[in-house]
Amino acid sequence: MSMDFRRATVDDAPELARAHVASWHAAYQGLVPDSFLEGFTYERRTEQLRQSLASGAEETYLVEKSGKVLGFLTLGACRDADVDAHTTGEIWGIYLAPKHWRKGIGSYLCKQGDFMLKTRGYVEATLWVLEGNAQARQFYETMGFEPNGETKRVNLGIPLKAVRYRKAIEDAEPPRALDAVRYAGDA
């Protein structure tokens, strides 16, 4: 069965929340306090996503197989005050359920995000990664992003440092067909 890439709707909120919560719990274990992760629940995230998607506050796209969300991408204009939002887009987040990590889906979503931002006239993309999230940092560096020296504090139960990454996207190409992603897992 093939995978599909499409814009998320309010009806997708529960499946998006499952992927998001599972991703956070796996990626941030030991980095973010357990008490914070315990509060990052499926129910709470589902409601937040419903509200964001209904209001248009988030532009989110998903990869699904057999109606199950494998992962998703949220993007838009760069939200940083020190950046020209007319020329710089932002990947707000890429999240995959952990059982779908390292199967090419995250790379597909990142390339798709780069290309989508380019088609909107942006020449550069940014994103933020927790400094201690070595796995995500390595992924984004492999995808061509580089830290630009900017950091900020985020509070996820404790103050943590996030690092801003940037990438020129003038040459971004559409990713290969989703069916070509080397995916061997079950949805």
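None of the values given here were measured: they were computed from a predicted structure.

1. Details of the pattern of salt bridges
In step 1: Under the definition given, this model contains ten salt bridges.
In step 2: In this structure, Glu59 and Arg120 form a salt bridge, with 2.5 Å as the shortest nitrogen-oxygen distance. A residue pair is termed long-range when its members are at least 10 positions apart, and Glu59 in strand β2 (residues 59–65) and Arg120 in the loop between α4 (105–119) and β5 (124–130) qualify at 61 residues.
In step 3: Between Asp114 and Lys167 there is a salt bridge, with its nearest N and O atoms 2.5 Å apart. Separated by 53 residues along the polypeptide, Asp114 in helix α4 and Lys167 in strand β7 (residues 159–168) bring together distant segments of the chain. Comparing Asp114 with Lys167, the two get one shared label, buried.
In step 4: Among the charged side chains, a salt-bridge network with shared partners connects Arg6, Asp12 and Glu64.

2. So, the side chain of Asp114
In step 1: Relative accessible area serves as the criterion here: at 3%, Asp114 is assigned to the buried category.
In step 2: Excluding its chain neighbours within four sequence positions, the residues that come into contact with Asp114 are Ile91, Ala125, Phe145, Lys167, Ile169 and Ala172.

3. What about the packing of aromatic side chains?
In step 1: Taken as a whole, this structure holds eight aromatic pairs when the rule is applied.
In step 2: Where Phe139 meets Tyr140, the ring centres are 5.0 Å apart and the plane angle is 70°; that geometry is what we call edge-to-face.
In step 3: Among the aromatic residues, those joined into a cluster by ring pairs are Trp24, Tyr28, Phe36 and Phe40.
In step 4: Note that Arg79 overlies the ring of Trp92, its terminal NZ or CZ placed 4.1 Å from the centroid.

4. Comments concerning the confidence of the model for the protein chain
In step 1: Looking at the protein chain, the pLDDT average stands at 91 and 94% of residues meet or exceed 70.
In step 2: Scored below 50 in pLDDT, residues 183–187 makes 15 contacts in the model with residues more than four places away or belonging to other chains.

5. Quick notes on the nonpolar core
In step 1: Ranked by size, the top nonpolar core spans 27 residues in total, and within it Ile91, Ile94, Tyr140 and Phe145 carry the most contacts.
In step 2: Among the elements of the structure, β2, β3 (68–77), β4 (88–96), α4, β5, α5 (134–142) and β7 are those that each provide at least two residues to this core.
In step 3: For this core, the leading source of residues is α4, giving six residues.
In step 4: Leave out the neighbours within four places in its chain, and Ile94 touches Phe72, Leu73, Gly106, Leu109, Cys110 and Tyr140.
In step 5: Of all hydrophobic cores here, the second largest spans 23 residues; its members include Ala19, Leu62, Val69 and Leu130.

6. A closer look at unusual backbone geometry
Glycine aside, residues mostly have negative phi, and peptide bonds are mostly found in the trans state.
In step 1: We note that Ser66 has phi near 55°; this positive angle belongs to a residue other than glycine.
In step 2: Among the residues examined, Ser66 registers a relative accessible area of 49% and is labelled partly exposed.
In step 3: Phi angles above zero are rare outside glycine, and Arg102 is one such case at about 60°.
In step 4: Checked against the element boundaries, Arg102 lands in the loop between β4 and α4.

7. Things to note about the side chain of Thr74
In step 1: Checked against the element boundaries, Thr74 lands in strand β3.
In step 2: Side chain to side chain, Thr74 and Thr60 meet in a polar contact 2.9 Å long.
In step 3: Once residues within four sequence positions are removed from consideration, Thr74 is found in contact with Glu58, Glu59, Thr60, Glu90, Ile91, Trp92 and Gly93.

8. A look at the environment of Asp80
In step 1: Mapped onto the elements, Asp80 comes out in the loop between β3 and β4.
In step 2: Considered as a pair, Asp80 and Glu90 are ten residues apart in the sequence and their alpha carbons are 9.1 Å apart.
In step 3: Only 3.0 Å separates the side chain of Asp80 from the side chain of Arg164, close enough to count as a polar contact.

9. Regarding the sheet that holds β4
In step 1: Strand order in the open sheet formed by seven strands is β1-β2-β3-β4-β5-β7-β6, with mixed pairing between adjacent strands. Of all strands in the sheet, those with a lone pairing partner are β1 (3–7) and β6 (146–155), marking the two edges. Across the sheet, the mean angle separating the axes of adjacent strands is 25° when strand polarity is ignored.
In step 2: Across seven bridges, the pairing between β2 and β3 is antiparallel. Residue pairing across strands places Thr60 opposite Thr74, the latter belonging to β3.

Calculation rules
Residues numbered from 1 in each chain as written. Predicted model: local features only at pLDDT ≥ 70, side-chain atom pairs only at ≥ 80, totals over all residues. Heavy atoms only, no water. Salt bridge = Lys/Arg side-chain N within 4 Å of Asp/Glu carboxyl O. Helix = DSSP H or I, 4+ residues; strand = E, 2+ residues; numbered from the N terminus. Buried < 20%, exposed > 50% of the residue type's maximum accessible area, 1.4 Å probe, protein only. Contact = heavy atoms within 4.5 Å. Phe/Tyr/Trp six-rings, centres within 6.5 Å; stacked < 30°, edge-to-face > 60°. Lys NZ or Arg CZ within 6 Å of the ring centre and 35° of its normal. pLDDT = per-residue confidence, 0-100. Core = buried A, V, L, I, M, F, W, Y, C linked by side-chain atoms within 4.5 Å. Polar contact = N/O pair within 3.5 Å; in protein donor to acceptor, adjacent residues only side chain to side chain. Pairing = 2+ DSSP bridges. Axes fitted to C-alpha atoms, helices over the stretch in contact; angles between N-to-C directions.

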